[in-house]
Amino acid sequence: MKKKVGFIGWRGMVGSVLLKRMLEEKDFLYIKSIFFSTSQIGEKNPKFSNFFFPGFLKDAYNIEELKKLDIIITCQGSLYTQKVFPILRASGWSGYWIDAAADLRMNKDSLIVLDPINHFHIKNAIRSGIKTFIGGNCTVSLMMLALGGLFRKNLIEWISFSTYQAASGAGSKYIKELLKQMNFLNQYLSKKSTFAQSILKIEKNVTNIIKDSNFPKKNFLIPLILNLIPWIDSNMSNGQSKEEWKMESETNKILSYQKNKRILVDGTCIRVSSLRCHSQSFVIKLKKNIDLNRIEEILSNDNKWVQVIPNNKESTLNELTPLSVTGTLKIPIGRLRKLSIGPKYLSAFTVGDQLLWGAAEPLRRMLKFLI
């Protein structure tokens with residue numbers, strides 16, 4: 001009998017990408033799909049050009065309806081998880097909960113899922129009765145896929161990172177605000193007389209426009225276009241942002257490393273004006289000196305999505321940018337070289353689609369484990 005799978009938050013960015021991938025992979029043929037809504041209860045189920053889901057949207061807050069499900073996948077966000085999950089579990093529901101939100105990631109009775117990296121741990125968790133599976137932080141997942149071979153062979157002593165994270169990581173309203181900022185600035189740039197001015201005059205006018213009090217910045221708090229924001233998420237007591245804290249804590253949980261074996265991972269997380277792809281720069285201290293050709297071999301052979309990009313200008317410009325990766329499952333890694341500070345120190349740069357491997361794809365693949 002097909003398992004009954006409930007979908008919540010499927011209209012948002014991550015949920016929409018999840019459904020698209022499931023349709024591409026024909027996953028819906030193997031489950032009974034029930035769609036829920038927090039705001040449009042009773043309306044017809046979604047319809048796609050090549051797939052029709054009969055029935056009507058159920059109430060995502062109706063515990064009795066949720067209890068009928070074998071598996072729940074939610075991309076609704078933290079507030080929904082905080083409100084519904086504890087009540088549902090307390091009611092006696094023992095089904096599988098798959099969540100894109102961060103709230104349950106570090107719980108002892110949950111597992112962060114990234115199966116190309118922790119396939120073995122996922123299988124063990126299912127066998128041992130774990131019922132809560134959470135998608136990891138997008139930057140963590142993309143980093144671990146790119147560096148998978150080095151993690152698997154236990155070659156990393158520590159990682160220092162700088163991330164360059166897309167607007168999509170903050171949510172759809174942030175992407176819209178970035179586009180509004182572009183449109184606001186374009187009102188000046190689209191005038192024929194603008195480029196007849198000196199470049200210093202144009203630069204001054206553009207800066208003044210961006211600093212104008214009417215410039216759209218409700219969500220980001222400051223302009224992102226022609227700018228960057230070197231802080232993502234809330235404050236931690238040690239001076240880190242929470243996004244930076246997640247890099248080490250989630251990496252080690254995915255690897256199931258205890259305190260005595262932890263890999264140190266720290267750095268700075270930065271928001272940039274890319275739409276949906278995160279980029280990351282690494283300085284990696286290896287546990288031993290390894291030939292660069294051997295490192296490239298270890299990385300490229302770890303999983304079928306990672307691609308080692310030759311460390312030259314042409315290849316880097318064509319294959320190691322957000323625009324070259326967006327909408328794909330590719331995880332290119334390049335700028336690989338040994339640093340002058342010593343033969344154990346490796347430089348690397350990687351890019352990945354935040355909405356695919358960074359969010360939706362690990363959830364989709366976790367569902368396949370359960371069906």
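All values derive from a computational prediction rather than experimental measurement. (Residues numbered from 1 in each chain as written. Predicted model: local features only at pLDDT ≥ 70, side-chain atom pairs only at ≥ 80, totals over all residues. Heavy atoms only, no water.)

Caption draft 1: Expanded view of the overall build of the chain. Helix and strand counts for the chain stand at 13 helices and 15 strands. For 371 residues, the compact-globule estimate of 2.2 N^0.38 gives 21 Å, and the C-alpha radius of gyration of the chain, at 22 Å, lies within 12% of that figure. The principal-axis extents of the C-alpha atoms in the chain amount to approximately 70 × 55 × 45 Å. For the chain, the proportion of its 371 residues judged to be buried stands at 51%. Taking all contacts inside the chain whose residues are at least 6 apart in sequence as the whole, residues at least 24 apart take part in 70%. Here the chain displays about 18,100 Å² of accessible surface, and carbon together with sulfur accounts for 53% of that area. (Helix = DSSP H or I, 4+ residues; strand = E, 2+ residues; numbered from the N terminus. Rg over C-alpha atoms; globule rule 2.2 N^0.38 Å. Buried < 20%, exposed > 50% of the residue type's maximum accessible area, 1.4 Å probe, protein only. Contact = heavy atoms within 4.5 Å. Areas by Shrake-Rupley, 256 points an atom, 1.4 Å probe, with all protein chains shown as cover.)

Caption draft 2: Region of interest: the nonpolar core. Ranked by internal contacts, the top residues of the largest apolar core, which has 73 residues, are Phe7, Leu147 and Leu150. Per element, the largest residue contribution to this core is 8 residues, and it comes from helix 13 (residues 356-370). Once residues within four sequence positions are removed from consideration, leucine 147 is found in contact with Ile159, Phe282, Ile284, Leu299 and Ile333. (Core = buried A, V, L, I, M, F, W, Y, C linked by side-chain atoms within 4.5 Å.)

Caption draft 3: A look at the side chain of serine 249. Residue placement: serine 249 occurs in helix 9 (residues 242-254). If we skip the residues at most four places from it in the chain, serine 249 touches Met106 and Arg262.

Caption draft 4: Main features of a positive patch on the surface. A grouping of Lys173, Lys176, Lys180 and Lys218 is seen on the molecular surface, where their side chains present a positively charged patch. Mapped onto the secondary structure, lysine 173 falls in helix 7 (residues 172-189). (Patch = residues over 30% accessible without salt bridge, like charges linked within 9 Å, V, L, I, M, F, W, Y side chains within 5 Å. Salt bridge = Lys/Arg side-chain N within 4 Å of Asp/Glu carboxyl O. Lys, Arg positive; Asp, Glu negative; His and termini not counted. Charge placed at Lys NZ, Arg CZ, Asp CG, Glu CD.)

Caption draft 5: Fine view of helix 4 (residues 115-127). When the terminal C-alpha atoms of helix 4 are compared, their 15 Å separation across 13 residues is substantially less than the 18 Å that a helix rising 1.5 Å per residue should span. Along helix 4, the residues classified as buried are Asp115, Pro116, Ile117, Asn118, Ile122 and Ala125. In the core, the buried residues of helix 4 are packed alongside strand 8 (110-113), strand 9 (132-135), helix 5 (138-146), helix 6 (148-152), helix 9 and helix 13. In the segment just after helix 4, glycine 129 is the residue with positive phi, at about 95°. (Expected span 1.5 Å × (residues − 1).)

Caption draft 6: The arrangement of the sheet that holds strand 9 in detail. Spatial ordering of the open sheet is given by 5-2-1-6-7-9-8, a layout of 7 strands whose pairing is parallel. Strand pairing shows two members of the sheet lacking a second neighbour, strand 5 (58-59) and strand 8, which therefore form its edges. Bridging between strand 6 (residues 71-74) and strand 7 (residues 96-99) involves 4 bridges; their strand directions are parallel. From the neighbouring strand, threonine 74 faces strand 7, where its bridge partner is aspartate 99. (Pairing = 2+ DSSP bridges.)

Caption draft 7: Spotlight on the packing of aromatic side chains. All chains considered together, the criterion is met by 14 aromatic pairs. On the basis of an interplanar angle of 65° and a centroid distance of 5.1 Å, the ring pair of phenylalanine 85 and tryptophan 97 is categorised as edge-to-face. Of this pair, phenylalanine 85 sits in helix 3 (residues 78-90) while tryptophan 97 is found in strand 7, placing the two residues 12 residues apart along the sequence. Between tyrosine 174 and phenylalanine 220, the aromatic rings sit 5.0 Å apart at their centres with planes inclined by 70°, giving edge-to-face as the arrangement. Of this pair, tyrosine 174 sits in helix 7 while phenylalanine 220 sits in the loop between helix 8 (199-211) and helix 9; the two residues are 46 residues apart in sequence, bridging distant segments of the chain. There is no split in this pair, since tyrosine 174 and phenylalanine 220 are both buried. Grouping aromatic residues by their ring pairs yields a cluster made of Phe7, Trp10, Phe28, Phe35, Phe48 and Phe53. (Phe/Tyr/Trp six-rings, centres within 6.5 Å; stacked < 30°, edge-to-face > 60°.)

Caption draft 8: Representation of the pairing of strand 15 (residues 345-353). Counting buried positions along strand 15 gives 9 out of 9 residues, so the element sits mostly inside the fold. Across the two faces of strand 15 the burial is the same, with Tyr345, Ser347, Phe349, Val351 and Asp353 and Leu346, Ala348, Thr350 and Gly352 all buried. In the sheet, strand 12 (residues 277-286) pairs with strand 15 via 9 bridges, with the strands oriented antiparallel. What sits directly across from phenylalanine 282, in strand 15, is alanine 348. As judged from the 4 bridges shared by strand 14 (residues 331-338) and strand 15, these two strands associate in the antiparallel manner. Bridge assignment links glycine 334 to a residue of strand 15, and that residue is phenylalanine 349. Linking two consecutive strands that pair antiparallel, namely strand 14 and strand 15, is a turn of 6 residues; a positive phi of about 160° is found at glycine 342 within it.

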